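Observations on chain architecture
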Amino acid sequence: MSGQLHRVDVTVLPVGWHSPDPRIESEVAGNWSPSLSPDGRHVAYVSDRGGVPAVWVQPAGSELTFRVDTGPEPVSAVRWSSGGGWLACQIAPGGAPRHEIWLVRPDGTQLHQVAGFGTGTADNMRWLPGRPLLAFTENLTTAVLVDAVTGTRAVVTDGELVTLLDVDPAGRFALLRYGPRGSRDIVLRDLSTGSEKPVTSGEQAMFSPGGGCVYALSLDGEFPSLLRVAGDAVEVLAGGPGSDPGPGSDPGPGDLGADGADADGGTTDPAGALGTLSGEIETFAVTADGRTAAVLWNVRGGESEVALIGLDHDGDRVPAVIAPLPGPVVSDLAWSFDGSTLAFTAEGPGQPHGVWTYASGTVSRVAALPAADDAVRPTLRTFPAHDGLSLTGWLFTPPTPGPHPTVLWLHGGPEAQERPGHGPLFQSLVNCGIAVFAPNVRGSSGFGRSFVDADNGALRYGAIADVRSCVDYLRSAGVAGRVGIMGRSYGGYLTLAALTTFPGLFDVGIDVCGMSNFSTFYQHTEPWIAAAAVSKYGDPVHDADLLHDLSPMTRIDQLRTPLMVVHGENDSNVPLIEAEQVVAALSARGVPHRYLLFPGEGHELLHRDSRAVYLRETIDWLSTHLLP
């Protein structure tokens, strides 16, 4: 094996292409994580078309495709090296949050592991442009470079809660990110002296091709801004203070009345502090020649816009908007090494993740299905919380007149966002006559820094109260009759918290891998997850009393609502004990419940057959308790 690793970094394509099975089940996730060959003529991506997420390679403009064998474990991401000779594959063994990184040739040969050994994890993998060097971070403590040609491994630095973002072409400097969730700083480290210089607060940064400047997505202000930093000179390229609506963004009336109230009496935030009628930069990708940046905007409460910005110093910076986009929600921007082609994913209601490319002014399908003709499109609702803070949510309703039996769905994170993407569960429930309301309570991303920080620590009581505000709004607007509640991960925690805080408010509940006791969560979760979570939830020692009071297990005696508990057996993010102690308490108290445990799955249900069972059982449980 060692002798084979010295081949040069050039593309070798597979033989045995075939057309994919066109049948798509309702629980399909689709195709995602696109990565282009250097010339943009081929696309590698992850697809679950075979039942388990795996790597596929496909020529652009062709239906032929080839599965790259990386073993039986689910793949979560793939990256094509800039020389074209290697694919870096991020694998989730047992479906758990722990990741391994394996290298493989695009023709499926020379598969070997380079990171995430034993109980460790490896994340944030990135090929350095023009070099066969793969950068990644292990356990949020060790920044590593691996040479794909020689197989050598070099540790760039060690530290607590550190992530390697980039290394300059000369190998003299590194961009590092330090800190817990929601409080991360980007620094420039001199690798010869170890000295560090602050760049900005944020999550994402990279060097220009020559290494003379840094591009960074700054979170220093209320809204993110794309910066170019050269020495002490800082230039704002896009975004920034205020609620910049993004290029070509038109807020549109949506379901809002002319007086600022929505059709059912909800109100908007007249000051724009929430940002639902504006936009913020979500991520960016720069071509290897440093001439163009693709900027992904989050606008109109969760839809997407993509714009190209010229980075030449003599450019006019007028953004070129890519329109129309093939779906309302876009992610995974990735350039080919030659800068000719931009790949991305797009999704929408009834439209699973699909892979697309943009080249020469044209958006082209690679691997994607159109939205189902009968898919229900949601409307964006805006309404006040208990304390007057503006909240939003996406409402899916059956065609019959209301009020409807309604399910309140709470997303994970909490620093994530409910968006009008692909949701087979929502579509299936609406088809059964059950409305779905998916709110963005305080703590959600996409609405500015103040909103995402509005549930930190003791402010979490406000997020729990937001759940009741959602129900109050749905009932006052004539939308909801009987109401159920469910959520996943942090949304599962919020489900349990609401059920124990507001007894009798809900007719049924489903907790999907939610935290039930902060003490046991901190004891049993992965150490890097625990360390990064302190800024959001609180310190398990110094804030023990607060975390005890916020834990649903503290008030489990008040939970009387029929509850289904769903968990992956291998989940090490929210460990299995979080479900088991809830189920044991419900059994001891005679509360109606169902326990759905998935062997071979972790924090997410990555296998399509697991998602099919989850979908069927969830619909059955909710229908039993919500429908006459």
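Owing to the predicted nature of the structure, the values given are computational and were not obtained by experimental measurement. (Residues numbered from 1 in each chain as written. Predicted model: local features only at pLDDT ≥ 70, side-chain atom pairs only at ≥ 80, totals over all residues. Heavy atoms only, no water.)

In total, this model carries 25 salt bridges according to the counting rule given. In this structure, the salt-bridge partner of arginine 365 is glutamate 63, at a minimum N-O distance of 2.6 Å. Taken as a pair, arginine 365 in strand 27 (residues 362-367) and glutamate 63 in the loop between strand 3 (54-59) and strand 4 (66-68) lie far apart in primary sequence, 302 residues in all. With a relative accessible area of 35%, arginine 365 lands in the partly exposed category. Put simply, lysine 197 and aspartate 232 hold a salt bridge, and the shortest N to O gap is 3.1 Å. Of this pair, lysine 197 sits in strand 16 (residues 196-207) while aspartate 232 sits in the loop between strand 18 (225-230) and strand 19 (233-239); the two residues are 35 residues apart in sequence, bridging distant segments of the chain. (Salt bridge = Lys/Arg side-chain N within 4 Å of Asp/Glu carboxyl O. Helix = DSSP H or I, 4+ residues; strand = E, 2+ residues; numbered from the N terminus. Buried < 20%, exposed > 50% of the residue type's maximum accessible area, 1.4 Å probe, protein only.)

If you trace the four strands from one edge of the open sheet to the other, you get 24-25-26-27, paired in antiparallel fashion. With one partner strand each, in any of the chains shown, strand 24 (329-335) and strand 27 form the two edges of the open sheet. Between one strand axis and the next, the sheet turns by 30 degrees as a mean value, whatever way the strands run. Note: strand 25 (residues 342-348) against strand 26 (residues 351-359), six bridges, orientation antiparallel. Following the sheet pairing, threonine 345 is matched in strand 26 by valine 355. (Pairing = 2+ DSSP bridges. Axes fitted to C-alpha atoms, helices over the stretch in contact; angles between N-to-C directions.)

Turning our attention to the nonpolar core. Within the largest apolar cluster, 56 residues are counted, with the highest numbers of intra-cluster contacts made by Leu408, Tyr493, Phe506 and Tyr537. If we ignore the near neighbours within four places in the chain, the residues touching leucine 408 are Phe437, Pro439, Val467, Cys470, Val471, Leu474, Gly484, Ile485, Met486 and Phe506. (Core = buried A, V, L, I, M, F, W, Y, C linked by side-chain atoms within 4.5 Å. Contact = heavy atoms within 4.5 Å.)

Looking now at the environment of glutamate 569. The residue glutamate 569 is located in the loop between strand 34 (563-568) and helix 8 (577-589) in this model. Take glutamate 569: its relative accessible area is 38%, and that puts it in the partly exposed class. Between the C-alpha atom of glutamate 569 and that of glycine 600, which follows or precedes it by 31 residues, the distance is 6.5 Å. Non-local contacts of glutamate 569, meaning those with residues more than four positions away in its chain, are made with Leu576, Leu597, Phe598, Pro599, Gly600 and Glu601.

So, on to the packing of helix 1 (residues 424-431) against helix 9 (residues 608-626). Viewed as axis vectors pointing N to C, helix 1 and helix 9 meet at an angle of 40 degrees, and their least axial separation amounts to 11 Å. The angle between the axes of helix 1 and helix 9 places the two elements in the oblique class. Helix 1 and helix 9 meet at a crossing whose hand is right-handed. Within the contact between the two elements, helix 1 uses Pro424, Leu425, Ser428 and Leu429 and helix 9 uses Tyr614, Leu615, Thr618, Ile619 and Leu622. (Parallel < 35°, antiparallel > 145°, perpendicular 65-115°, else oblique. Left-handed = near helix turned anticlockwise from the far one by under 90°.)

Attention now moves to helix 1. Where burial is concerned, most of helix 1 is hidden: seven out of the eight residues are buried. What helix 1 keeps buried is the set Pro424, Leu425, Phe426, Gln427, Ser428, Leu429 and Val430. Of the surrounding elements, those touching the buried residues of helix 1 are strand 29 (390-396), strand 30 (404-410), strand 31 (435-440), strand 32 (480-488) and helix 9. Positive backbone phi, approximately 95 degrees, marks glycine 433, located one or two places after helix 1.

Another aspect to go through is the packing of helix 3 (residues 460-476) against helix 4 (residues 490-501). At a minimum axis distance of 9 Å, the contact between helix 3 and helix 4 shows a crossing angle of 75 degrees. Relative to helix 4, the element helix 3 is oriented roughly perpendicular. Within the contact between the two elements, helix 3 uses Arg460, Ala463, Ile464 and Val467 and helix 4 uses Tyr490, Tyr493, Leu494, Ala497, Ala498 and Thr501. Along the lines of polarity and charge, the residues of the contact of helix 3 with helix 4 split into eight nonpolar, one polar and one charged. (Nonpolar A, V, L, I, M, F, W, Y, C, P; charged D, E, K, R; others polar.)

Taken in spatial order, the four strands line up as 9-10-11-12 in an open sheet, and their pairing is antiparallel. The open sheet has two edge strands with one neighbour each: strand 9 (122-127) and strand 12 (153-158). Across this sheet, the average inter-strand angle for adjacent strands is 20 degrees, counted without regard to direction.

Along the chain, the position of serine 489 falls in the loop between strand 32 and helix 4. Residues in contact with serine 489, not counting those within four places in the same chain, are Gly412, Val512, Cys513, Gly514, Met515, Val574 and His603.

Time to look at the side chain of threonine 163. As for its position among the elements, threonine 163 is in strand 13 (residues 162-167). Not counting residues up to four positions away in its chain, the partners in contact with threonine 163 are Asn124, Thr137, Leu140, Leu175, Leu176 and Arg177.

Here we take up the confidence of the model for the chain. Taken over all residues, the pLDDT of the chain has a mean of 89, while the share at 70 or more is 89%. Of the regions scoring below 50 in pLDDT, residues 1-7 engages in 16 contacts with residues more than four places distant in sequence or in other chains. pLDDT under 50 marks residues 245-277. Its contacts with residues more than four places away, or in other chains, come to 69 contacts. (pLDDT = per-residue confidence, 0-100.)

On to unusual backbone geometry. Note: most peptide bonds trans; most residues except glycine with negative phi. Of the consecutive residues alanine 323 and proline 324, the connecting peptide bond is found in the cis state with omega at -5 degrees. Looking at where proline 324 falls in the secondary structure, it is placed in the loop between strand 23 (320-322) and strand 24. Positioned with a positive phi, aspartate 332 is a non-glycine residue whose angle comes to about 60 degrees. You can see aspartate 332 is positioned in strand 24. A positive phi is found at serine 360, a non-glycine position, where the angle reads about 55 degrees. For serine 360, the position within the fold is in the loop between strand 26 and strand 27. With a relative accessible area of 78%, serine 360 lands in the exposed category.

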